[in-house]
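Spelled out from the first residue to the last, the chains are:
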Amino acid sequence: MENVVTATVPDAVGLVGRDAELEVLRAFAGRARANGGALLLTGGPGMGKTALLDAACRLARSDGGARVVRATGAQFEAEVAYAGLHQLFLPLHDRLDALADVQREALAVALGTHAGPAAGGLVVSAAALALLREVARRGPLLVVVDDAQWLDRASARVLGFVARRLAGSRIGILAAARSDAESVLLHVGLPEHQVPPLDDRAAADLLAGRFPDLAASVRRRVLAAAAGNPLALLELPAAMTEGQRHAADPLPPVLALSDQLRRHFADRVRALPAATRRLLLLAALDGTGDLRALRAGSSDDGWLDRLAPAEHHRLVRVDLTRDRVELGHPLVGAAVVELAASGERQRVHALLSEVHAGDPEKRAWHRAEAVVGVDEPTAALLEAAADRALHKGDAVRAVHALLRAADLSPHGTDRARRLAGAAYLGADAAGRLSSVPGLLDEARRAHPDTAESLEMAVAAAYHLLKGEGDVDTAHLMLVRAIEDALDRGHAGGAVEQALHSLLQVCHFSGRSTPWNAFASAMDRLDAPPLLLSVAATSCGDPARMTAAVLDGLGTVIAALDAQTDPTHVVRTGIAAHYADRLAGCRPALQQVVRSGREGGAAASAVHALMILSFDAFLEGRWDEATRAAEEGVAWSERLGYQLIALPGRYTLALLAAVRGDERTVRSLTDEMVRWAAPRGVRTIEHLAAHARGLAALGRGDHEEAFRQGEVVTPAGRLAPHVPVAVYTGFDLVEAAVRTGRRVQAQAHVAALRGAELSRLRPRFAVAATGAAALVASGDEALRLYREALAVPGAADHPFEHARVRLAHGEHLRRARSPAAAHAELTAALATFERLGARPWAQRARHELRAGGPARRTAAGLTPQEHEIASLAASGLTNKQIAARLHLSPRTVSGHLYRIFPKLGVATRAALRDALSGADATAPTVSDVQA
């Protein structure tokens, strides 16, 4: 894998330079165990407060045997009263019965577990203190709150009340908050420890431990930019290319932020007024700390007032006595520059070139950055300025220079070349994207060769799609160029290439309307090329693929051995991807990757890696899929093409979903949707929904799984021009069945089985037939399960095959066929464990326990009844138990109705004591499998 860097570090490295803080935490833990106490950790974003909280939890558990309850504030819950208290007290719900009636009722209503009139804040606070003291009677208790600045005010007030009344208890309250944020806990008067930046030596040690091969010059830049911030020390190099880390490629004037740093710093800047951000941009790009730049950049005397919001949030410090301005942290400047539009940065550089008129070096640098620093405005010099801008990664500035160069070009050919270059670079993202077709029209008039004009359109559309994700502008450019070529009677290779580009644009749009122009152009061709024809169906509407189309695709695949064009290989691979025919493309795709690594077509190599990673995922080679996807994502980011990185993130999100890694699924899919939604790239949104739905199924949240499934396609319909719909059929039917939507489930089964692809290719046949078994009953269900599992080649996709076996085993167990159920469930469990599909393995284990030997507990409970009783005793609701065990809430309720008289209890609160008196437990997995 090339150039993939992650900022995850072992704990031993992650706490470099934090000996003093660890000592503070040890002393606090000792005081809290003995007599109660509270401590508030404060500091800027990325200072490692969360890592210190993690360390405190480990210390509390290992040194003092303390019970730990933990909550994390979240911005989206900040307006939800008692949301933080709900996180903290849900694990303590079983102790509510020990409270007085008034306190128990007050807390139950506040936490939303009981309906009734809301109690006053004092009553809820007193009840919270009483509950914590009750829990602490059994041993020390540590209450931990991270990101307290986002805690809802009601919860923060309760915690503040409790924290001031801990004397004589064995309760510790440890919270962390940003020092620049507003939080009730910051004003309660709690003991506070400010987490400082790392000192120079610790910062150097942390950086060397994670990036030992960093070039010395780059190391110095990172240390200066991070200013002792641990997160920045780990993330800034991770955001660089391998060439930049080794000083082979130049670093930008302002270091790029990673996604995590962007969340911490850019979000704070984004919330500021536009006028304040402009002043911060002046300060960041100037870099001298001289207030003259801010004064010069303001049209009136109110500039200092406009800077006040940034001062209030401690993003900047102003010293009027010394005429100095200082950013709160160097990364604030990086965030300001990153958020500014290219045109805005250009204007600020132009202004700074005048501010520094007396300093030739600074003036020349700012003039060059503003692309106004040429003394002789000739086309050649302007083209050189464009080259410098491209070298720095600023395509927008290069476009400005090329347009000016075109205006000065006397010869048609030079003018056409420069206009085409401007179009290729995607025109001006600050507002001139709509002019790209006009630029191409001008280029054609200057140099009227239609084939060359088509090539210009293809190049510009490629850059727009892969770099900017501007689907609509790329579509407009290509359609106009293709229609013009066809009107002139051209129908050769250039038209074919343009149609392939248009097909790709339509595919990523995920919408039907853009396909109309493609279909119209195809109808005008006398004999469309075979690959173009089959790819149009495979990428456009694979659910309606016919045997004839598959035969045509087979012909194209068979000819890959003699194919040397990497673009043709990749196009074939993409078409095969949706048709379950990737096996025949693997050798050619692997050769494209090898060639790209040796200096060949890099973009084609990235596409090939993405296809191969998804192929490996489907075939159960998950480690290989991870490596290929990570390499492809890193490679595409080095190329500057955001769109082609997203299919790799999709594969990584699917892998995280099937492995039960919820945090990674959320992170990856959120990133995909944030990028795709504003650009109208609906296919990426559909891919994100697929991964989210799969993750929801794994954790038993079938309602969410159904909702995500319908983001892709409504139940009962395989939406046209939504190709991922062919992969989500079984998921949507399972979610519908488990949420009681039987009509929708049956309708979607009919749609799946009505698609000819489900009869032609093994993977889709297994999914469609398995889905039909889910909605069937009795002997018909058993017949369908056997039919699905007997499809030739079904086991080549082990995860899907095992899911059908699991469903079959669940059906057999409920049909009172324990031996047959045991065989299917054991086989499914073995596959899930081999793959590392933890949520599904856990589900198979639950089924094996429930269907195990007919041993009963001393109280007469079956294994499944004992498990349900235990979960109910732990405080889970019927709905939560149902999700955990993949049952319906009604089934859980029925079991509890039978359990209560067996145990001789009348309430859920009495279940724990009744169960602890039983002299036997439910059988273990090993008992079941013995």
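Above this text sits the structure in question.
Let me begin by describing the structure that accompanies this report. (Residues numbered from 1 in each chain as written. Predicted model: local features only at pLDDT ≥ 70, side-chain atom pairs only at ≥ 80, totals over all residues. Heavy atoms only, no water.)

**Quick look at the overall build of the chain**
Here is the rule we go by: Counting from the N terminus, the helices are DSSP H or I runs at least four residues long and the strands are E runs at least two residues long. We call two residues in contact whenever any of their non-hydrogen atoms come within 4.5 Å of each other. Values of accessible area rely on a 1.4 Å probe in the Shrake-Rupley scheme; residue burial ignores everything except the protein chains shown.
Scanning the chain from N- to C-terminus turns up 49 helices and seven strands. Of the contacts made within the chain by residues no fewer than 6 positions apart, 67% connect residues no fewer than 24 positions apart. With the model as given, the accessible surface of the chain reaches about 38,800 Å², and the carbon-plus-sulfur share is 51%.

**Structural notes on the side chain of Arg-18**
Keep this limit in mind: The buried label applies to any residue whose accessible area, calculated with a 1.4 Å probe on protein chains only, is under 20% of its type's maximum; exposed applies above 50%, and partly exposed to all values in between.
Tracing the sequence through the fold places Arg-18 in the loop between helix H1 (11-14) and helix H2 (19-35). Its relative accessible area of 4% is what places Arg-18 among the buried residues. Non-local contacts of Arg-18, meaning those with residues more than four positions away in its chain, are made with Met-47, Leu-52, Val-195, Pro-196, Pro-197, Leu-198 and Pro-230.

**Some details on the nonpolar core**
Using the following cut-off: In this text, buried Ala, Val, Leu, Ile, Met, Phe, Trp, Tyr and Cys residues form a nonpolar core when linked through side-chain atoms within 4.5 Å.
Grouped together as the largest cluster of nonpolar side chains are 149 residues, with contacts concentrated most on Leu-499, Phe-518, Phe-617, Ile-684, Phe-799, Phe-832 and Trp-840. For this core, the leading source of residues is helix H31 (residues 602-618), giving 11 residues. Sequence-distant contacts of Phe-799, defined by excluding residues within four places in its chain, comprise Trp-622, Val-658, Leu-694, Phe-832, Leu-835, Ala-837 and Trp-840. Among the nonpolar cores identified, the runner-up in size contains 48 residues, and Leu-206, Leu-233, Ala-310 and Val-337 belong to it.

**Quick look at helix H47 (residues 889-903)**
Along an α-helix, residues three or four positions apart point the same way, because every turn accommodates 3.6 residues. Rules: Helix span, as expected, comes to 1.5 Å for every residue beyond the first. Note that the arc is defined by the directions from the helix axis to the C-beta atoms.
A rise of 1.5 Å per residue sets the reference length of H47, with its 15 residues, at 21 Å; its end C-alpha atoms lie 21 Å apart and thus fit the reference within 8%. Those residues of H47 not exposed but buried are Val-892, His-895, Leu-896, Ile-899, Phe-900 and Leu-903. Taken end-on, H47 shows its buried residues confined to a sector of 140°, consistent with a single buried face. Residues of H47 that are exposed and point more than 90 degrees away from the buried face comprise Arg-890, Tyr-897 and Pro-901.

**Observations concerning the pairing of strand E1 (residues 37-43)**
Worth spelling out the cut-off: Pairing between strands is defined by DSSP: at least two bridges between the two strands are required.
Burial runs high along E1: seven of the seven residues are buried. Residues Gly-37, Leu-39, Leu-41 and Gly-43 of E1 are buried on one face, and the alternating residues Ala-38, Leu-40 and Thr-42, pointing to the opposite face, are buried as well. Where E1 and strand E4 (residues 171-178) come together, seven bridges link them in parallel fashion. Considered in E4, the bridge of Leu-39 is made with Leu-174. Pairing of E1 with strand E5 (residues 192-194) involves three bridges; the strand directions are parallel. Residue pairing across strands places Leu-41 opposite His-193, the latter belonging to E5.

**Quick word on the sheet that holds E5**
Which entries qualify depends on this criterion: A fitted line through C-alpha atoms represents every axis, and for helices the fit uses only the stretch in contact; the resulting angles, taken between N-to-C directions, go from 0 to 180 degrees.
One open sheet accounts for five strands, arranged E2-E3-E4-E1-E5; its pairing is parallel. Edge positions in the open sheet fall to strand E2 (67-72) and E5, since each of these has one partner strand only. Looking at each pair of strands side by side, their axes are set apart by 15° on average, direction ignored. Sheet contacts for H2: E1, strand E3 (141-146), E4 and E5; angle to E1, the most-contacted strand, approximately 155°. Helix H3 (residues 49-64) contacts E1, E2, E3 and E4 of the sheet and is inclined by roughly 170° relative to E3.

**A look at unusual backbone geometry**
With phi around 65°, Tyr-82 is a residue other than glycine that occupies positive phi space. Within the fold, Tyr-82 resides in the loop between E2 and helix H4 (83-89). Despite not being glycine, Asp-580 shows a phi value in the positive range, around 60°. Summarising the element assignment, Asp-580 is placed in the loop between helix H29 (566-577) and helix H30 (586-597).

**Observations concerning empty space enclosed by the protein**
How we decide: Only protein atoms enter the 1 Å grid used here. Points where a 1.4 Å probe fits but cannot escape make up a cavity, open sets with protein on both sides within 12 Å along at least five of seven lines make up a pocket, and a residue lines them when an atom lies within 4 Å of a point. Grid points are joined across faces, edges and corners, and a volume is the space filled by probe spheres set on the points. Nonpolar residues are Ala, Val, Leu, Ile, Met, Phe, Trp, Tyr, Cys and Pro. Charged residues are Asp, Glu, Lys and Arg, and all others, Gly as well, are polar.
Tallied over the entire structure, the rule returns nine cavities of 30 Å³ or more. Considering only enclosed or pocket space, the largest cavity measures out at about 270 Å³ in volume. Surrounding the largest cavity, 25 residues form its lining, Val-726, Tyr-727, Gly-729, Arg-763 and Ala-767 being those nearest its centre. Contributing elements (two or more residues each) for the lining of the largest cavity: H31, helix H35 (682-699), helix H37 (729-738), helix H39 (757-760), helix H40 (762-775) and helix H42 (798-814). A breakdown of the residues in the lining of the largest cavity according to their chemical character gives 18 nonpolar, three polar and four charged. Estimates place the volume of the second largest cavity at around 100 Å³. Surrounding the second largest cavity, 14 residues form its lining, Ala-29, Ala-32, Arg-33, Ala-60 and Leu-142 being those nearest its centre. Listed by contribution, the elements that provide at least two residues to the lining of the second largest cavity are H2, H3, E3 and E4. Among the elements that take part in the lining of the second largest cavity, H2 stands out by supplying five residues, more than any other. For the lining of the second largest cavity, a count of residues per class yields 11 nonpolar, one polar and two charged.

**Digging into the environment of Val-479**
One can find Val-479 in helix H24 (residues 471-487). Residues contacting Val-479, with those up to four places away along its chain left out, are Leu-502 and Ala-517.

**Details of the packing of aromatic side chains**
Short version of the rule: A pair of Phe, Tyr and Trp rings is counted when the ring centres sit within 6.5 Å of each other, with Trp represented by its six-membered ring. The angle between the planes then sorts it: under 30 degrees is stacked, over 60 is edge-to-face, the rest tilted. When the NZ atom of lysine or the CZ atom of arginine is within 6 Å of a ring's centre and also within 35 degrees of its normal, the charge is said to sit over that ring.
Inspection of the entire model under this criterion finds 10 aromatic pairs. When the ring of Tyr-578 is compared with that of Tyr-727, the centres are 6.3 Å apart and the planes differ by 40°; the resulting orientation is tilted. Taken together, the residues span a long stretch of sequence, with Tyr-578 in the loop between H29 and H30 and Tyr-727 in the loop between helix H36 (702-712) and H37 at a distance of 149 residues. Like Tyr-727, Tyr-578 is buried. A centroid spacing of 5.7 Å and a plane angle of 65° characterise the contact between Trp-622 and Phe-799, whose relative ring orientation is edge-to-face. On the criterion of sequence distance, the pair formed by Trp-622 in helix H32 (residues 622-639) and Phe-799 in helix H42 is long-range, its members being 177 residues apart. Residue Trp-622 shares its accessibility class with Phe-799, and that shared class is buried. Pairwise contacts between aromatic rings join Tyr-578, Phe-614, Phe-617, Trp-622, Tyr-650, Tyr-727, Phe-764, Phe-799, Phe-832 and Trp-840 into one cluster. Between the NZ or CZ atom of Arg-210 and the centre of the ring of Phe-211, over which it lies, the distance is 5.0 Å.

In short, shape yes, function no, at least from these values alone.
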